[in-house]
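Reading the structure
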Amino acid sequence: MAVYTDVAADELADYLSHYDIGELLSYKGIAEGVENSNFLLHTSGGSFILTLYEKRVAKGDLPFFLGLMTHLAEHGINCPLPVKNRNGEALSALAGRPAAIITFLEGVWPRKPNVAHCAGVGQALAKMHLAGADFSMSRANALSVSGWRPLFEAASARADEVQHGLRDLIAAELTFLESGVWPRDLPQGVIHADLFPDNVFFLGSELSGIIDFTFACNDQFAYDVAICLNAWCFESDHSFNVTKARAFLNAYARERKLSDAEQDALPLLARGAAIRFLLTRLVDWLNVPPGALVRPKDPLEYARKLRFHQSVASVRDYGLSASSGMPA
């Protein structure tokens, strides 16, 4: 989350007059994240999140994101619900941007995820994959293998300004991943594709909700698992924590079996997940709009994670034995 587009109080009050959520009491921008402009709203009817969609988010994709949240909530997944205005629309416009209001979830995201957090997100991810099975809409993953080369081309000329040799590291990995090794026939469905700690809320040790579905799409479930391995199972010094990984993977497998093919593909998928976030972070790092209330995330974190995954020999290096792919 971030703020690229500011909203005047009178403009926001007029916008809210089309909703039955009460009068505006206060609002403030949310500085975390890098994709959209987000505001915490306090009205006489409660607390809500207002999102103005920007950058990589295509307007045509927004009905998918909003519909998915509604579908998942109706199937027992704790996630925000889109709020409809008096015309029955969940999507409208504000300050020249597509905009939506969603319900506010209680909880805080874990700044230092522990083993219990990792187990909780593993269970929740598997339940989300199962709950999305009968969602009628679909969206291709624009940030899968075919989408990485354009990102690299946009940033390659300046990549070595961030770290010497970064351009060559990325170029070599892209050449490898584009050579036909990427899995194509693993179980697929709706994935979150961005389930980082700041998108998961906890109340104490209990997971209270999943937020931010603006990268959700249809892709291989195991790719979502690989994204979470990157996001949850490394320490602040970028060392891999196999205990956290084991807790995450086993909790996932208790809800949804990981096939032998999915387990075998996990190291490769983790490399792909690392290069995907390395590239998007690199582009954002090099292109922060002047005056934007945003803190770009360090792309070098994912260069280090990529190097780790390149050294992985098998899924056992992630703490998962062959039998752990079965539900307990």
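The sections below set out a description of the structure shown in this document. (Residues numbered from 1 in each chain as written. Predicted model: local features only at pLDDT ≥ 70, side-chain atom pairs only at ≥ 80, totals over all residues. Heavy atoms only, no water.)

**Let's talk about the overall build of the protein**
A tally of helices and strands in the protein yields 10 helices and 10 strands. Taking 328 residues into account, the globule formula puts the C-alpha radius of gyration at 20 Å, and the protein, at 20 Å, falls close to it. Principal-axis analysis of the C-alpha atoms gives the protein an extent of 60 × 50 × 35 Å. The burial tally for the protein puts 56% of its 328 residues in the buried class. Sequence separation of at least 24 residues holds for 74% of the intrachain contacts in the protein that already meet a minimum separation of 6. Entry remark: accessible area of the protein is about 13,900 Å², with carbon and sulfur atoms responsible for 51%. (Helix = DSSP H or I, 4+ residues; strand = E, 2+ residues; numbered from the N terminus. Rg over C-alpha atoms; globule rule 2.2 N^0.38 Å. Buried < 20%, exposed > 50% of the residue type's maximum accessible area, 1.4 Å probe, protein only. Contact = heavy atoms within 4.5 Å. Areas by Shrake-Rupley, 256 points an atom, 1.4 Å probe, with all protein chains shown as cover.)

**A short note on the nonpolar core**
Ranked by size, the top nonpolar core spans 93 residues in total, and within it L166 and F248 carry the most contacts. Ranked by residue count, the leading element in this core is helix α9 (residues 260-286), at 14 residues. With 15 residues, the next largest nonpolar core counts V7, Y19, L41 and V83 among its residues. (Core = buried A, V, L, I, M, F, W, Y, C linked by side-chain atoms within 4.5 Å.)

**Details of helix α6 (residues 166-181)**
Because an α-helix completes one turn every 3.6 residues, residues spaced three or four positions apart along the sequence face the same direction. The end-to-end C-alpha distance of α6, which contains 16 residues, comes to 22 Å, matching closely the 22 Å that a straight helix rising 1.5 Å per residue would cover. Within α6 the residues assigned to the buried category are L166, L169, I170, A171, E173, L174 and L177. For α6, the secondary structure elements touched by its buried residues are α4 (145-155), α5 (159-162), α9 and α10 (300-310). (Expected span 1.5 Å × (residues − 1).)

**Focus on α4**
Buried residues of α4: V145, G147, W148, L151, F152 and A155, and no others. Angular distribution of buried residues about the axis of α4 spans 140°; they occupy a single face of the element. Exposed and facing more than 90 degrees away from the buried side of α4 are S146, E153 and A154. (Arc of directions from axis to C-beta.)

**A closer look at unusual backbone geometry**
We note that A95 has phi near 55°; this positive angle belongs to a residue other than glycine. As for its placement among the helices and strands, A95 is situated in the loop between β5 (92-94) and β6 (97-103). For A95, a relative accessible area of 24% gives the class partly exposed. Despite not being glycine, A193 shows a phi value in the positive range, around 75°. By secondary structure assignment, the location of A193 is in the loop between β7 (188-191) and β8 (200-203).

**Description of the packing of helix α7 (residues 221-232) against helix α8 (residues 242-255)**
Interhelical geometry of α7 versus α8 gives an angle of 150° and a closest axis separation of 10 Å. As far as their axial angle goes, α8 and α7 are roughly antiparallel. The two elements α7 and α8 meet at a crossing, and its hand is right-handed. Two secondary-structure elements touch here, α7 through F221, V225, C228, L229 and W232 and α8 through K244, A245, F248, L249 and Y252. Among the residues forming the contact of α7 with α8, the class breakdown is nine nonpolar, no polar and one charged. (Axes fitted to C-alpha atoms, helices over the stretch in contact; angles between N-to-C directions. Parallel < 35°, antiparallel > 145°, perpendicular 65-115°, else oblique. Left-handed = near helix turned anticlockwise from the far one by under 90°. Nonpolar A, V, L, I, M, F, W, Y, C, P; charged D, E, K, R; others polar.)

**Here's the deal with the side chain of H71**
Here H71 lies in helix α2 (residues 62-74). Discounting chain neighbours no more than four positions away, the residues touching H71 are A131, G132, D134 and F135.

**A short note on the pairing of β6**
Across the seven residues of β6, five count as buried, placing the element largely inside the fold. In this structure, strand β3 (residues 46-52) lies alongside β6, joined through five bridges in antiparallel fashion. Paired with F48 across the bridge in β6 is T103. Sheet analysis places strand β4 (residues 82-83) next to β6, joined by two bridges and oriented antiparallel. Among the inter-strand pairings, P82 is bridged to a residue of β6, identified as I102. Direction of pairing for β5 relative to β6: antiparallel, over a ladder of three bridges. Pairing of S92 across the sheet is with A99, part of β6. A loop of two residues connects β5 with β6, the two strands running antiparallel in sequence, and A95 in this loop sits at a positive phi of about 55°. (Pairing = 2+ DSSP bridges.)

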